[in-house]
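Understanding the architecture of this molecule
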Amino acid sequence: MTILLIVFGFLGGILGGMGMGGGTLLIPLLSFLDIPQRTIQAINLIGFLPMSAVALFFHFKNGLVETKNIIWLILPAVLSAIGGSVLTGVSGEKVLRYCFGSLLFALGIWQLVKCISALIKDVKVKRIVKAQKKEINEFKNSLPNYIDRKSR
């Protein structure tokens with residue numbers, strides 16, 4: 001089990017370091033080890049603190065952090081974290097698992113829709129570019145005929 005925890009820590013750390021939420025991966029992985037859901041979530045929160053501190057340091061160092069108006073994100077996040085903690089304390093294990101699973105499912109669907117939309121947009125752009133190139137080539141090909149007519 002220790003080796004799995006180390007591997008899961010590495011995987012969660014990579015995602016957390018990239019700002020993608022290591023817990024999104026860490027929580028489902030830990031659930032395979034038959035750990036109670038509340039304990040999994042607590043492990044995730046404890047692991048989040050050092051991971052986010054290190055990642056934030058490097059993101060600041062690389063100039064990737066935008067602090068303008070950040071207070072409008074932090075205040076409601078802290079207040080809702082209090083509410084979420086209270087709800088976790090009074091909710092059963094199954095409810096927590098279903099809530100997290102539903103969240104992951106919804107995020108997966110959302111990402112899939114975004115990906116498909118981007119692909120459709122990319123195909124449309126490629127068609128437009130291809131049509132424009134065709135028009136440009138037709139125009140280029142007609143120029144010599146136009147020039148010949150003008151010179152007569």
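Rules used in this analysis
Residues numbered from 1 in each chain as written. Predicted model: local features only at pLDDT ≥ 70, side-chain atom pairs only at ≥ 80, totals over all residues. Heavy atoms only, no water. 1 Å grid on protein atoms, 1.4 Å probe; cavity = no way out; pocket = protein on both sides within 12 Å on 5 of 7 lines; lining within 4 Å. Points joined across faces, edges and corners; volume = space filled by probe spheres on them. Helix = DSSP H or I, 4+ residues; strand = E, 2+ residues; numbered from the N terminus. Nonpolar A, V, L, I, M, F, W, Y, C, P; charged D, E, K, R; others polar. Expected span 1.5 Å × (residues − 1). Bend = angle between axes of the 7 residues up to and from the residue. Buried < 20%, exposed > 50% of the residue type's maximum accessible area, 1.4 Å probe, protein only. Contact = heavy atoms within 4.5 Å. Axes fitted to C-alpha atoms, helices over the stretch in contact; angles between N-to-C directions. Left-handed = near helix turned anticlockwise from the far one by under 90°. Core = buried A, V, L, I, M, F, W, Y, C linked by side-chain atoms within 4.5 Å. Salt bridge = Lys/Arg side-chain N within 4 Å of Asp/Glu carboxyl O.

A volume near 1600 Å³ is recorded for the largest pocket. Forming the boundary of the largest pocket are 41 residues, of which Asn-44, Leu-45, Phe-48, Ala-77 and Ala-81 lie nearest the centre. Those elements giving two or more residues to the lining of the largest pocket turn out to be helix 2 (22-31), helix 3 (37-61), helix 4 (71-90) and helix 5 (93-151). At 13 residues, the largest contribution of residues to the lining of the largest pocket is made by helix 3. Among the residues forming the lining of the largest pocket, the class breakdown is 25 nonpolar, 15 polar and 1 charged.

For helix 3, which comprises 25 residues, the first-to-last C-alpha distance of 35 Å matches the rise-based estimate of 36 Å (1.5 Å per residue) to within 8%. Where helix 3 bends most, the angle comes to about 30°, and this point is Phe-48, followed within four residues by the proline Pro-50. For helix 3, the complete set of buried residues consists of Gln-37, Ile-40, Gln-41, Asn-44 and Ala-55. With its phi angle positive at about 70°, Gly-63 sits one or two positions after the end of helix 3.

Tracing the backbone shows Asn-44 in helix 3. Judged by its relative accessible area of 12%, Asn-44 is buried. Setting aside chain neighbours within four positions, we find Asn-44 in contact with Gly-23, Leu-26 and Ile-27.

This part covers the packing of helix 1 (residues 2-17) against helix 3. It is the contact of helix 1 with helix 3, at a shortest axis distance of 9 Å, that shows an interaxial angle of 35°. Pair helix 1 / helix 3 crosses with right-handed handedness. Of helix 3, the residues touching helix 1 (which contributes Gly-12, Gly-13, Gly-16 and Gly-17) are Met-51, Ala-55 and His-59. Looking at the contact of helix 1 with helix 3 residue by residue, the classes come out as 2 nonpolar, 5 polar and no charged.

One finds Phe-8, Leu-26, Ile-27, Leu-29, Leu-30, Leu-33, Ile-35, Ile-40 and Phe-100 forming the largest nonpolar core, which totals 9 residues. The greatest single-element share of this core, amounting to 4 residues, is contributed by helix 2. Once residues lying within four places of it in the same chain are set aside, the contact partners of Ile-35 are Met-1, Leu-30, Ile-40 and Arg-97.

Looking now at the pattern of salt bridges. One pass over the full model with this rule turns up 2 salt bridges. When the shortest N-O distance is used, the salt bridge between Glu-93 and Arg-38 registers 3.7 Å. Taken as a pair, Glu-93 in helix 5 and Arg-38 in helix 3 lie far apart in primary sequence, 55 residues in all.

Let us look at unusual backbone geometry. Of note in the backbone geometry, Asp-34 takes a positive phi value of approximately 60° without being a glycine. Within the secondary structure layout, Asp-34 lies in the loop between helix 2 and helix 3. For Asp-34, a relative accessible area of 70% puts it in the exposed group. For Asn-69, which is not glycine, the phi dihedral falls at a positive 65°. Residue placement: Asn-69 occurs in the loop between helix 3 and helix 4.

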